[in-house]
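Residue-level listing of the chains:
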Amino acid sequence: MEIALKRGFLIPSNEAYGQVAGFYDYGSVGAPMKRKIENAWRMFFLWRDGAFEVETVTILPEAVLKASGHVGHFGDPLVECSKCKRKFRADTLVADEIGRKMKEGAGEHVKRLKEHLTRLPGMKPEEMTVKLKELGVKCPECDGAFAEVGWFNLMFRTNIGPIEGNTGYTRPETAQGIFLAFPRVFRAHGSRLPMGIAQIGKSFRNEISPRQGLLRLREFTQMELEYFFNPSKAAHPNFKDVEQQKVRVLTRESQLAGKEEAIEFTAKELVEKKIVPNEIMAYYLARESQFYESLGVPYPDFRFRHMLPDETPHYSGGNFDLEVSTSFGWIETIGTAYRQDYDLSSHSKASGQDFSVFIEEEKKKILPHVVEPSFGVDRLFWVVLEKSYRENGGAEGRDWSWFDFSPHIAPFSCAVFPLMKKDGMAEKAQEISDSLREEGLNVLLDASGSIGKRYARQDEIGTPYCITVDYDTLKDGTVTIRFRNDGKQARVKLDGLGSMIRGYIKARKVTA
Ligand SMILES: [Zn+2]
């Protein structure tokens, strides 16, 4: 986190006024990288499969979120210390206490505790009150006793317009906007299933006590795709492209047996062995694996955890979380859920509008089912930082830490340096930067300090290519290109430089 702040990836929001937990700004280095990760996702999940993108509003009227279940059920159990009045998440207190007891105990006792732990997500506030008493949990701050566990809704509430009681909320997920837009997008594109509709945007959760930097934010970015299909044809047209893709799954059986070891399956096996509810689910798990590897997350460092029945919403036909092993332990960064027709049917009932579609071949109306891969961008950004960080090495004599980003998501595609500012080299460097920018590359022009220092600065933010303009450039129209990972240099012609770099980026070339 220190490095991310120092090198311009992140900025503590509202820093001058004292940072509020759960908010982070992306800095001048982080923002372009976040944008590139989002574009890589567009390419991977939308453009390649012909899915559509929408952009819906972030403030929703209460009726929408009542229908979706968020007004009633989107919250955390909250408990107040009756002595010091501090508030805590009750489920965290219970889980921490069980964890502590498990470390001490053994045998049957531990088995029973483990059961409690897996049941926790589905536990009601009343049950949690009892559990806190049973376990004898006291306030971690003052040792005081706890009052009854209550329910804290995690949505930010506001008033729409000047009329009191016209309640709105900032959206807790981008998905609801997609469901509401579905009928029009469906009609605008030939009224055919299957159809993928996605969006990238901000969502909000008023977390009780966010910690861990980017991992638990109150304002965050999601990339969500809703794949609408006819449930009698739960297949994906591009499945054959991924059927041999390997996917590591932490099965329910393994979890219940207390095992941490994920089992490897091909996407095809996931379907045949009925580990996933349908082929579409297997398709997305396979694609998610490929996407993560393309961003430099090593295959052994992530797995799909099949959520246990208690963690799975009643309407879901199955949830799989992609978890990555990080310095914070295993963290969930994608949730893939088979939501069936829950959302469209809820909105049909609550709004009185018909969300069903007519299926020509079957001569009947149906409510499409939905598989939803939902990505947390900030968590993914964090994972990419962690997995790409290198202490030193690679280039000869490198004794500074650097980032080994895949070139297509590096904050800057390349840097251009004039060897010196005099004799027309600065102007030439400017001219080269301009022409590279016209070719769609984001270029950092840097003219200060020794060349060695400038290389180090670019390594520190993971710039894959550095172009140096020197006296020879003015004479023969060539420049030096230096590759980030091995520090080796080559002399290349200015003519065609832009398409050469774009070729390198496409080929993920990071050494000479
Ligand atoms: Zn207290």
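Nothing here was measured: the structure is a model prediction, and the numbers come from that model.

J.: How should I be thinking about the pairing of strand β22 (residues 414–418) in this particular structure?
T.: Each regular strand displays side chains that alternate between the two surfaces of the sheet. Counted residue by residue, β22 has five buried out of five residues, so it is predominantly covered. Of the two faces of β22, both are covered, the one formed by Cys-414, Val-416 and Pro-418 as well as the one formed by Ala-415 and Phe-417. Inspection of the sheet shows β22 paired to strand β24 (residues 465–469) by five bridges, in the parallel sense. Following the sheet pairing, Phe-417 is matched in β24 by Thr-468.

J.: Teacher, can you tell me more about the packing of aromatic side chains here?
T.: Between two aromatic rings, the relevant description is the distance of the centres plus the angle of the planes. Per the stated rule, a full pass over the model turns up 30 aromatic pairs. With 6.1 Å between their ring centres and 85 degrees between their planes, Phe-179 and Phe-228 make a pair best called edge-to-face. Within this pair, whereas Phe-179 is found in helix α8 (residues 175–188), its partner Phe-228 is found in strand β11 (residues 219–229), the two being separated by 49 residues in sequence. Here Phe-179 and Phe-228 have matching classes, each one buried. Over the ring of Trp-330 we find Arg-303, and its NZ or CZ is 3.8 Å from the ring centre. When the ring centre of Phe-483 is taken as reference, the NZ or CZ atom of Lys-509 above it lies at 5.2 Å.

J.: I keep staring at the coordination of the zinc ion and nothing clicks. Help me out?
T.: The coordination sphere of the zinc ion, as far as protein atoms go, consists of Cys-81 (SG), Cys-84 (SG), Cys-139 (SG) and Cys-142 (SG), spread over 2.2 to 2.4 Å. Here the zinc ion is ringed by four donor atoms whose angles at the metal span 99 to 117 degrees, and the overall shape comes out tetrahedral. The sequence motif formed by the donor residues of the zinc ion is C-x2-C-x54-C-x2-C. Remark: Cys-142 occurs in the loop between α7 (125–135) and β7 (146–153) and Cys-81 occurs in strand β5 (residues 75–81); sequence separation between them is 61 residues.

J.: Can you help me understand the sheet that holds strand β13 (residues 263–266) in this one?
T.: Backbone hydrogen bonds are what pair the strands of a sheet, in a parallel or an antiparallel way. Pairing within the open sheet is mixed, and its nine strands lie in the order β3-β10-β11-β19-β16-β15-β14-β12-β13. In this open sheet, the two strands that pair with only one neighbour each are β3 (52–53) and β13. Set on the sheet, helix α13 (residues 377–388) makes contact with β11, β15 (319–326), β16 (329–340) and β19 (369–376); between it and β11 the angle comes to about 110 degrees.

J.: Explanation requested: unusual backbone geometry in the structure shown.
T.: Comment: phi is negative for the bulk of residues other than glycine, and the bulk of peptide bonds are trans. Residue Pro-194 follows Leu-193 across a cis peptide bond; omega there is -5 degrees. Relative to the elements of secondary structure, Pro-194 occurs in the loop between α8 and β10 (195–204). A positive phi angle, near 50 degrees, is found at Asn-14, a position not held by glycine. Its place among the elements puts Asn-14 in the loop between β1 (10–12) and β2 (24–26).

Cut-offs used in this document
- Residues numbered from 1 in each chain as written.
- Predicted model: local features only at pLDDT ≥ 70, side-chain atom pairs only at ≥ 80, totals over all residues.
- Heavy atoms only, no water.
- Buried < 20%, exposed > 50% of the residue type's maximum accessible area, 1.4 Å probe, protein only.
- Helix = DSSP H or I, 4+ residues; strand = E, 2+ residues; numbered from the N terminus.
- Pairing = 2+ DSSP bridges.
- Phe/Tyr/Trp six-rings, centres within 6.5 Å; stacked < 30°, edge-to-face > 60°.
- Lys NZ or Arg CZ within 6 Å of the ring centre and 35° of its normal.
- Donors = N, O, S within 2.8 Å, 3.2 Å for Na, K, Ca; no water.
- Tetrahedral: all angles 85-135°; square planar, octahedral: opposite > 155°, others 65-115°.
- Contact = heavy atoms within 4.5 Å.
- Axes fitted to C-alpha atoms, helices over the stretch in contact; angles between N-to-C directions.

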